[in-house]
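Chain by chain, the residues run as shown.
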Amino acid sequence: MECKNKQNKSLGRTKTVGQQILEILPIILDFFLLIIQVNYHIMEAIYRIFKPLDPSPVNNELVLVTGAGHGIGRELALQYASEGATLVLWDINEEGNQSTAQAILKNGGAKPYTYTCDVSDRQSVLNVARKVKEDIGDISILINNAGIMPAHPLEEHTEEEIKKIMSINVLAHFWTIEAFLPAMKKNNHGHIVALSSVAGIAGLPNLVPYCASKFAVRGLMESLMDELNWNPYNNVKLTSVCPYMVDTGLCKKPFVRFENALNLLEPKYVAAQIMHAQRTGILECTIPRFLLTVNYVTRLLPTKAASKVKAFFESGVHSDKGT
Ligand SMILES: NC(=O)c1ccc[n+]([C@@H]2O[C@H](COP(=O)([O-])OP(=O)(O)OC[C@H]3O[C@@H](n4cnc5c(N)ncnc54)[C@H](O)[C@@H]3O)[C@@H](O)[C@H]2O)c1
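Residues numbered from 1 in each chain as written. Predicted model: local features only at pLDDT ≥ 70, side-chain atom pairs only at ≥ 80, totals over all residues. Heavy atoms only, no water.

**Here we look at the overall build of the protein**
Okay, step 1: Of the regular secondary structure elements, the protein holds 10 helices and 9 strands.
Okay, step 2: On the principal axes, the C-alpha backbone points of the protein span a range of 80 × 50 × 50 Å.
Okay, step 3: The 323 residues of the protein split such that 42% are buried.
Okay, step 4: Considering only contacts within the protein whose residues lie at least 6 apart along the sequence, 69% involve residues at least 24 apart.
Okay, step 5: Looking at charge distribution, the protein has the averaged site of its 32 positive side-chain charges lying 6 Å from that of its 31 negative ones. (Helix = DSSP H or I, 4+ residues; strand = E, 2+ residues; numbered from the N terminus. Buried < 20%, exposed > 50% of the residue type's maximum accessible area, 1.4 Å probe, protein only. Contact = heavy atoms within 4.5 Å. Lys, Arg positive; Asp, Glu negative; His and termini not counted. Charge placed at Lys NZ, Arg CZ, Asp CG, Glu CD.)

Printed below as a string of structure tokens:
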């Protein structure tokens, strides 16, 4: 063995210049190809600022929204239904889910299918998903929206609460993806949308477990996208959306410095932005869009400078435990 290594080493030393050039040539060619591709995609992105893609139609899609019984989920369900999609509504709260279904019918949308499901319970997700498949067919757009947001200092979060945040805000995405991604891959058609948050791109006090859960969602989606793209013909798309604070009641005690420029967003507007991001195939965005750029730029700054920028915006949530 040792003798063979020595032989290889001596062979390496005797490589001709021609052999060495041949060895590095593919790397040089790859690098030039990379420069061309990067420039092409930069130009494409600039072009798309002036000529955005037309939103894809959703009238033949079967759209599942988790947490459809209230807030952003309800608005998403209403807006997809008004574009002609067939809706599958999941919520742990049956009453809220039913009232979303009624609102869809009242708006003239197609009859939605409602299921009571706790998305943090893997077995329940897999069972209800099987029922959806039997009752209606393959889900083509999955919107992982259900989420909770307890807000108080980390030491005041109980073990149970932290586990619950992680189970609903992160693990549930794994269970619904487990249930619905295989059919999307088989049909080579589908789209998964995940609700992260601005709290998933920047850490905020009183929201340590929530921020951790929303950062995790982005990690899940980014790595899954890369994995799906192993298949060069992949047509299953992903979108992560990071809204700023929305007026749904989820943020119990919000505070905002620039009330005119950056006040709480309307759920209707947020749902419209999410649907647009999905229909135009955006991989990740914030609502409003400029916050993603602010985040990228801020992260290039030294940490102390970055924390000053954060402090300047002075937006967040007070503890929901105080008076
Ligand atoms: N409201 C905001 O300020 C804001 C900002 C950024 C991101 N988000 C994210 O958007 C999503 C929706 O938020 P929202 O403001 O509409 O919340 P919401 O409280 O108004 O609605 C959430 C819905 O999810 C349901 N739900 C909760 N736990 C569930 C479970 N275990 N299984 C199934 N359904 C469950 C609730 O019953 C409710 O109908 C969440 O993921 C949230 O983190 C919200």
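Following the structure, the description resumes.
**Section: the pattern of salt bridges**
Pairing of side chains with opposite charge becomes possible as their charged atoms draw close.
Okay, step 1: Overall, the coordinates contain 8 salt bridges when judged by the stated rule.
Okay, step 2: Salt-bridge contacts for E75 lead to K268; the nearest nitrogen and oxygen are separated by 3.9 Å. You can see E75 sitting in helix 3 (residues 71-82) and its partner K268 sitting in helix 8 (residues 267-279), a full 193 residues away along the chain.
Okay, step 3: What makes K268 exposed here is its relative accessible area of 54%.
Okay, step 4: Residues K163 and E159 are paired through a salt bridge, measuring 2.5 Å at the closest nitrogen-oxygen approach. With a gap of 4 residues between them, K163 and E159 both fall in helix 6 (residues 159-187), about one helical turn apart. (Salt bridge = Lys/Arg side-chain N within 4 Å of Asp/Glu carboxyl O.)

**Topic: the domain arrangement of the protein**
Okay, step 1: For the protein, the assigned domains read domain 1 (17-51) and domain 2 (62-317).
Okay, step 2: Using C-alpha coordinates to define each centre, domain 1 is positioned 35 Å away from domain 2. (Domains from an automatic or database assignment.)

**As for helix 8**
Okay, step 1: Spanning 13 residues, helix 8 covers 18 Å between terminal C-alpha atoms, matching the ideal 18 Å at 1.5 Å per step.
Okay, step 2: Taken together, the buried positions of helix 8 are P267, V270, A271, I274, M275, A277, Q278 and R279.
Okay, step 3: Along its buried surface, helix 8 packs onto helix 3, strand 4 (141-144), strand 5 (190-195), strand 6 (236-243) and strand 8 (284-287).
Okay, step 4: Immediately downstream of helix 8, the backbone of G281 shows phi near 70°, a positive value. (Expected span 1.5 Å × (residues − 1).)

**A word on the nonpolar core**
Okay, step 1: Core analysis: the biggest nonpolar cluster contains 46 residues, and V63, Y80, L87, I143, Y244 and I274 have the highest contact counts within it.
Okay, step 2: For this core, the element with the highest residue contribution is helix 3, accounting for 6 residues.
Okay, step 3: Residues within four places of Y244 in sequence aside, it is in contact with V198, V256, L262, N263, L264, L265, I287, P288, L291 and S315.
Okay, step 4: Membership of the second largest hydrophobic core comes to 29 residues, among which are L62, A194, V217 and L238. (Core = buried A, V, L, I, M, F, W, Y, C linked by side-chain atoms within 4.5 Å.)

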